[in-house]
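# Commentary on secondary and tertiary structure
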Amino acid sequence: MIERPDWDEYFMQITQLVASRSTCLRRQVGALLVKERNIMATGYNGVPSGITHCDVTGCLRDQLNVPSGERHELCRGLHAEQNAIIQAARHGANITGSTLYCTDSPCIICSKMLINAGVVAVIFGRGYPDKLSLEMLTEAGIAFHQYTGDTNK
């Protein structure tokens, strides 16, 4: 019998591939919006289309000594979750009722966007130093958990 990954493992493995497109010098993040086991949109962290990538310009956050999890506006890039939401909007994909799979736990800005976009669940790999983000997801009734399986099979 062929060994197949369960759905969470499958989608979390894909987040790793999506993250490999990132040009962020600090952290490569990949995200998927999944509805009824179909991928509605993907996103990775990086600068807006047509803007010079940070691997060329250097990392503004490093230059300003901004700690991880703070001052999100001091960055040339968008987060993977934001890019996934934008991609869904550009292509007319209804993501209400979808689940976010992401290599990392969302920040507070992304959590607020996910709440208003109608996302119902978040499954993430690595944690992120943003407690308010998870508090708001809880208050909004959005289920979330850290995926602890192996995505490197």
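Scope of this entry: the structure provided in the associated data block. Every value quoted in this text rests on a predicted model; they were computed, and no experiment measured them. (Residues numbered from 1 in each chain as written. Predicted model: local features only at pLDDT ≥ 70, side-chain atom pairs only at ≥ 80, totals over all residues. Heavy atoms only, no water.)

### Digging into the sheet that holds strand S5 (residues 143-146)
A sheet is described by the order of its strands in space; here five strands give the open sequence S2-S1-S3-S4-S5, paired in mixed fashion. In the strand order of this sheet, the two ends are held by strand S2 (38-44) and S5, each with one partner. Adjacent strand axes in the sheet meet at a mean angle of 15°, parallel and antiparallel pairs treated alike. Sheet analysis places strand S4 (residues 121-126) next to S5, joined by four bridges and oriented parallel. What sits directly across from Ala121, in S5, is Ala143. (Pairing = 2+ DSSP bridges. Helix = DSSP H or I, 4+ residues; strand = E, 2+ residues; numbered from the N terminus. Axes fitted to C-alpha atoms, helices over the stretch in contact; angles between N-to-C directions.)

### So, the packing of helix H4 (residues 80-90) against helix H5 (residues 108-117)
As a packed pair, H4 and H5 sit with axes 9 Å apart at the nearest point and diverge in direction by 30°. The pairing of H4 with H5 is recorded here as roughly parallel in orientation. Here the hand of the crossing between H4 and H5 comes out left-handed. For the pair H4 and H5, the contacting residues are Glu81, Gln82 and Ile85 in the first and Ile109, Cys110, Met113 and Leu114 in the second. (Parallel < 35°, antiparallel > 145°, perpendicular 65-115°, else oblique. Left-handed = near helix turned anticlockwise from the far one by under 90°. Contact = heavy atoms within 4.5 Å.)

### Notes on the nonpolar core
In a soluble, globular protein the nonpolar side chains are often hidden away together inside. Residues Leu33, Ile95, Leu100, Leu114, Val119 and Val122 are the most contacted members of the largest nonpolar core, which totals 18 residues. Counting residues per element, the ones that place at least two in this core are strand S1 (30-35), H4, strand S3 (99-104), H5 and S4. Of the residues forming this core, the biggest block, four residues, is contributed by H4. Residues in contact with Val119, not counting those within four places in the same chain, are Leu33, Ser98, Thr99, Leu100, Leu114 and Ile142. Phe11, Val18, Leu32 and Tyr101 belong to the second-largest nonpolar core, a separate cluster that totals nine residues. (Core = buried A, V, L, I, M, F, W, Y, C linked by side-chain atoms within 4.5 Å. Buried < 20%, exposed > 50% of the residue type's maximum accessible area, 1.4 Å probe, protein only.)

### Examining the pairing of S1
Most of S1 is tucked away, with six of its six residues classed as buried. Linking S1 to S2, which pair antiparallel, is a turn of two residues; within it Glu36 sits at a positive phi near 50°. When S1 meets S3, the two strands line up antiparallel, connected through four bridges. Directly across from Val34, in S3, lies its bridge partner Thr99.

### A few points about the pattern of salt bridges
This model, assessed by the stated rule, comprises four salt bridges. Among the salt bridges present, the one from Arg71 reaches Glu73, with a minimum N-O distance of 2.6 Å. Between Arg126 and Asp104 there is a salt bridge, and its shortest N-O distance comes to 2.7 Å. Of this pair, Arg126 sits in strand S4 while Asp104 sits in strand S3, and the two are 22 residues apart along the sequence. (Salt bridge = Lys/Arg side-chain N within 4 Å of Asp/Glu carboxyl O.)

### Comments concerning the state of the cysteines
What the rule picks out here adds up to zero disulfides. For the unlinked cysteine Cys54, the closest cysteine sulfur is that of Cys75, found at 5.8 Å. Free of any disulfide, Cys110 has its nearest cysteine sulfur in Cys107, 3.8 Å distant. (Disulfide = S-S within 2.5 Å.)

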